[in-house]
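# Breakdown of the fold
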Amino acid sequence: MIEVKDIYKSFDKLQVLKGVSLSISDGEMLTIVGPSGAGKTTLLQIIGSLERADSGSVKFDGEDITKMKDAKLARFRNRNMGFVFQFHRLLPEFTLEENVALPALIAGSRRADAFNRAGRLLDELGLGARLDHRPSQLSGGERQRAAVARALVNDPKVILADEPTGSLDSHNRAELYKLFFDLRAATGKTFIIVTHDDTLALNSDRVIRMQDGIII
């Protein structure tokens, strides 16, 4: 589904990615591991179109997204990709339901439809009693589950997660692992996960190891 070819990326004089190529299948759960500074997060951001490569291509179902103009790329990203970060990035002034509905509203969904989807997802993830709560009223594990609901609200083809368990304790890490695997089994979505956690990596379909800007 995703074909990454000869990706180079530098920040000032620091070359972070050095000709990375990678194919990712539809429905695959792929983890990317490696030491800090290996280029894992930069690669994930380029695959997810949050960052542009200096050269190379990223094809999504045969379409080269690196050639898209910014406005078209933003629409493509909103409809096809869901993101989960190490820290939930929920907006503190909004309720949980509003946070989850926001990507659907941005995509042009009717307000009632967006909130119906948000409420249903939150209920399925065990947060149905928290719809009117603000993020500050939730535990760390609940906030991350809400972030997963937000990533799913537009029914994207791929979920990209950057150290999603990095801020969680061992119990909540285990719960989030189970959630990812249950979601993949139920939906067949593609998951691309950057992690330092060997438990999550060893249970994925495939592990890509990076070091010094290359896949080793």
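No experiment lies behind these values; they were computed from the predicted model shown.

### A word on helix H4 (residues 111–124)
If you check H4, its first and last C-alpha atoms are 20 Å apart, about what 14 residues at 1.5 Å a residue would give, namely 20 Å. Buried residues of H4: Ala114, Phe115, Ala118, Gly119, Leu121 and Leu122, and no others. What you see down the axis of H4 is that its buried residues fit within an arc of 165°, all on one side. Of the exposed residues in H4, those oriented more than 90 degrees away from the buried face are Asn116, Asp123 and Glu124. At its buried positions, H4 is contacted by helix H3 (96–106) and helix H5 (140–152). Positive phi appears at glycine 126, one or two residues downstream of H4, with a value of about 80°.

### Points about the pattern of salt bridges
Under the defined criterion, the tally for this structure stands at 11 salt bridges. Two residues, glutamate 142 and arginine 130, come together in a salt bridge whose shortest N-O distance is 3.2 Å. Of this pair, glutamate 142 sits in helix H5 while arginine 130 sits in the loop between H4 and H5; the two residues are 12 residues apart in sequence, bridging distant segments of the chain. Residue glutamate 142 is classed as buried on the basis of its relative accessible area of 13%.

### Remarks on the packing of H5 against helix H6 (residues 170–187)
Direction vectors running N to C along H5 and H6 enclose 20°, while the axes themselves pass 10 Å from each other. Classified by the angle their axes make, H5 and H6 are roughly parallel. Between H5 and H6 the crossing geometry is right-handed. Contact residues: H5 offers Gly141, Arg145, Val148 and Leu152, while H6 offers Asn172, Leu176, Leu179, Phe180 and Leu183.

### Topic: the confidence of the model for the chain
The predicted model of the chain has a mean per-residue pLDDT of 89, with 100% of residues at 70 or higher. The least confident element of the chain is helix H7 (residues 198–202), whose mean pLDDT is 76; the most confident is strand E1 (residues 2–11), at 95.

### A few points about the nonpolar core
Counting 32 residues, the largest nonpolar core has Leu96, Leu122, Val148, Phe180, Phe191 and Ile193 as the members making the most contacts within it. Broken down by secondary-structure element, the contributors of at least two residues to this core are H3, H4, H5, strand E7 (158–162), H6 and strand E8 (190–194). Leave out the neighbours within four places in its chain, and leucine 122 touches Leu96, Glu97, Val100, Leu127, Gly128, Leu131, Ala146 and Ala149. By size, the runner-up hydrophobic cluster in this structure holds 31 residues, among which are Ile2, Ile46, Leu160 and Ile192.

So, how was this worked out
- Residues numbered from 1 in each chain as written.
- Predicted model: local features only at pLDDT ≥ 70, side-chain atom pairs only at ≥ 80, totals over all residues.
- Heavy atoms only, no water.
- Helix = DSSP H or I, 4+ residues; strand = E, 2+ residues; numbered from the N terminus.
- Expected span 1.5 Å × (residues − 1).
- Buried < 20%, exposed > 50% of the residue type's maximum accessible area, 1.4 Å probe, protein only.
- Arc of directions from axis to C-beta.
- Contact = heavy atoms within 4.5 Å.
- Salt bridge = Lys/Arg side-chain N within 4 Å of Asp/Glu carboxyl O.
- Axes fitted to C-alpha atoms, helices over the stretch in contact; angles between N-to-C directions.
- Parallel < 35°, antiparallel > 145°, perpendicular 65-115°, else oblique.
- Left-handed = near helix turned anticlockwise from the far one by under 90°.
- pLDDT = per-residue confidence, 0-100.
- Core = buried A, V, L, I, M, F, W, Y, C linked by side-chain atoms within 4.5 Å.

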